[in-house]
Amino acid sequence: MKWGVLIFPGTWSHQDFAHVFQDVLEVEWGYLWHKETSVAGYDCLILPGGFAHGDYLRCGAIARFSPIMDAVVRFAREGGPVMGSCNGFQILCEAGLLPGALLRNDSLQYRCRWVHIRTERCDTPFTRTVPPGQVLKIPISHGEGRYYASPETLAGLRSNGQIVFRYGTPDGQITDEANPNGSLENIAGICNEGRNVLGLMPHPERASETLLGSEDGRLLFEGLLAGALPR
Amino acid sequence: MFEAEIHVTLKKSVLDPQGDTVKGALATLGFQGVTDCRIGKFMVLRLAEQDPARAKTQVDEMCRKLLANPVIEDYVFRITEVVE
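Keep in mind it's a predicted model, so treat the numbers as computed, not measured.

Participant: Explain the overall build of chain A to me, please; I cannot follow it from the model alone.
Facilitator: From N to C terminus, chain A includes five helices and 11 strands. The C-alpha atoms of chain A give 16 Å as radius of gyration, which agrees with the globular expectation for 231 residues (17 Å, within 12%). Considering only C-alpha atoms, chain A reaches an extent of 45 × 35 × 35 Å along its principal axes. By the burial criterion, 57% of the 231 residues in chain A qualify as buried. Within chain A, residue pairs in contact and separated by at least 24 positions form 76% of the contacts whose partners lie at least 6 positions apart. Per element, the accessible surface of chain A, about 9200 Å² overall, is 50% carbon and sulfur. Both charge centroids of chain A, one from 20 positive and one from 25 negative side chains, sit 4 Å from each other.

Set out below in structure tokens:
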């Protein structure tokens, strides 16, 4: 199973993902520059955090038109697993692979700190080994992470079980105080209807070793590895 | 040649904390009568286009595809002919 880590001009979390794949999980991986037009040979695609194309106009708005995105959209539509973290989540929303959008934090301030997220759904390829309701300790680092969707879209997310993570307290209570950015319904991560595309604001790659304060983020990679069938 | 002036604002249903903060600052300054403040973007484009109808269609398409995100934003624009 080979992981592809996308790099746009301004991406900054790609080396953290590479470190996790290379040194922690010891799996096959490779970088994919945004000008490439094929993702052939890769089994899972990662859109890391950062400020792709300077976040000009809107976060993810320009990255969506990078040459590689056509291949990413095709890969996702064919059921390939795609994970976007932070800026990657914003890009997936702009590209239409995930519903809704991410807006300026309600505090108007950049938030870089640990959060606790409650796992709401274990029926995605990423969360399949996470016990239901498990609280994960993973850091966030963003200025624009306030999840928004229209009431109709939100109702669809709820009824289809697409809300994968919610911000909460360390013991899993979903409260306003535990919401770091004003996201609707404390949403920290969602998946598409096909469940193979996951977007989340927290950074699992920064919480994959005890040395860094938490190993909880690693569960998302291990979930996918556990389900990887030999081809 | 045409010039397009485009305003992009957050939809009414979307919370605008920046606008609310500015409204609060205006109230502090004594401008108590400001009942709402929304902050958006203003863009000016020049188009090498002779036909106003075509210019309008193009700008509308640009707004829908890139300049505004229909999930969270509304847009309005005005086209004026530019005489060199």
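Participant: Where do I start with the overall build of chain B in this structure?
Facilitator: A count of helical and extended segments in chain B gives two helices and three strands. In chain B, the succession of α and β elements from N to C terminus is β-α-β-α-β. A compact globule built from 84 residues would reach a C-alpha radius of gyration of about 12 Å, whereas chain B, at 16 Å, exceeds it by more than 25%. Viewed in the frame of its principal axes, chain B has a C-alpha envelope of about 50 × 30 × 15 Å. Taken across its 84 residues, chain B has 27% of its residues classed as buried. A separation of at least 24 residues holds for 70% of the contacts in chain B among residues at least 6 apart in sequence. Accessible surface, chain B: about 5400 Å² in total, of which carbon and sulfur atoms supply 58%.

Participant: Help me understand the pattern of salt bridges in this model?
Facilitator: Should the charged atoms of two oppositely charged side chains come close, the side chains can pair. All names here are of chain A. The full count for this structure, using the stated rule, is 19 salt bridges over all chains. The partner of E185 in a salt bridge is R158, with the nearest N and O atoms 2.7 Å apart. Highlighted residues: E185 in the loop between β9 (163–168) and β10 (187–191) and R158 in helix α4 (residues 151–159), separated in sequence by 27 residues. Judged by relative accessible area, E185 falls into the partly exposed class, the value being 28%. The partly exposed category is assigned to R158, whose relative accessible area is 44%.

Participant: In this structure, what is going on with the pairing of strand β1 (residues 2–10) of chain B? I would like to understand it.
Facilitator: Moving residue by residue along a regular strand, the side chains alternate between the two faces of the sheet. All names here are of chain B. Pairing of β1 with strand β2 (residues 41–47) involves seven bridges; the strand directions are antiparallel. Counted as the bridge partner of F2 is L47 from β2. Two strands pair when backbone bridges link them, and β1 and strand β3 (residues 73–81) are joined in this way by nine bridges, in the antiparallel orientation. By the bridge assignment for β3, T9 is matched with D74.

Participant: Looking at this structure, I do not really get unusual backbone geometry. What am I missing?
Facilitator: Leave glycine aside and you will find that most residues have negative phi; peptide bonds, for their part, are mostly trans. All names here are of chain A. Even without glycine at this site, L108 takes up a positive phi of about 65°. The topology assignment puts L108 in the loop between β5 (101–103) and β6 (111–119). Residue classification places L108 among the partly exposed positions, given a relative accessible area of 25%. In this model, E185 sits at a positive phi of 55°, which is unusual for a non-glycine residue.

Participant: Would you mind showing me how to read the side chain of E205 of chain A here?
Facilitator: Residue and element names in this part refer to chain A. Relative to the helices and strands, E205 is located in the loop between β11 (197–200) and α5 (218–227). Residue E205 is classed as buried on the basis of its relative accessible area of 2%. A polar side-chain atom of E205 sits 3.4 Å from a polar atom in the side chain of S13. A distance of 2.7 Å separates a polar atom in the side chain of E205 from a polar atom in the side chain of H203. For E205, the contacting residues outside a window of four places in its chain are S13, D16, F17, V20, S85 and F221.

Rules behind the numbers
- Residues numbered from 1 in each chain as written.
- Chains lettered and ligands numbered in written order.
- Predicted model: local features only at pLDDT ≥ 70, side-chain atom pairs only at ≥ 80, totals over all residues.
- Heavy atoms only, no water.
- Helix = DSSP H or I, 4+ residues; strand = E, 2+ residues; numbered from the N terminus.
- Rg over C-alpha atoms; globule rule 2.2 N^0.38 Å.
- Buried < 20%, exposed > 50% of the residue type's maximum accessible area, 1.4 Å probe, protein only.
- Contact = heavy atoms within 4.5 Å.
- Areas by Shrake-Rupley, 256 points an atom, 1.4 Å probe, with all protein chains shown as cover.
- Lys, Arg positive; Asp, Glu negative; His and termini not counted.
- Charge placed at Lys NZ, Arg CZ, Asp CG, Glu CD.
- Salt bridge = Lys/Arg side-chain N within 4 Å of Asp/Glu carboxyl O.
- Pairing = 2+ DSSP bridges.
- Polar contact = N/O pair within 3.5 Å; in protein donor to acceptor, adjacent residues only side chain to side chain.

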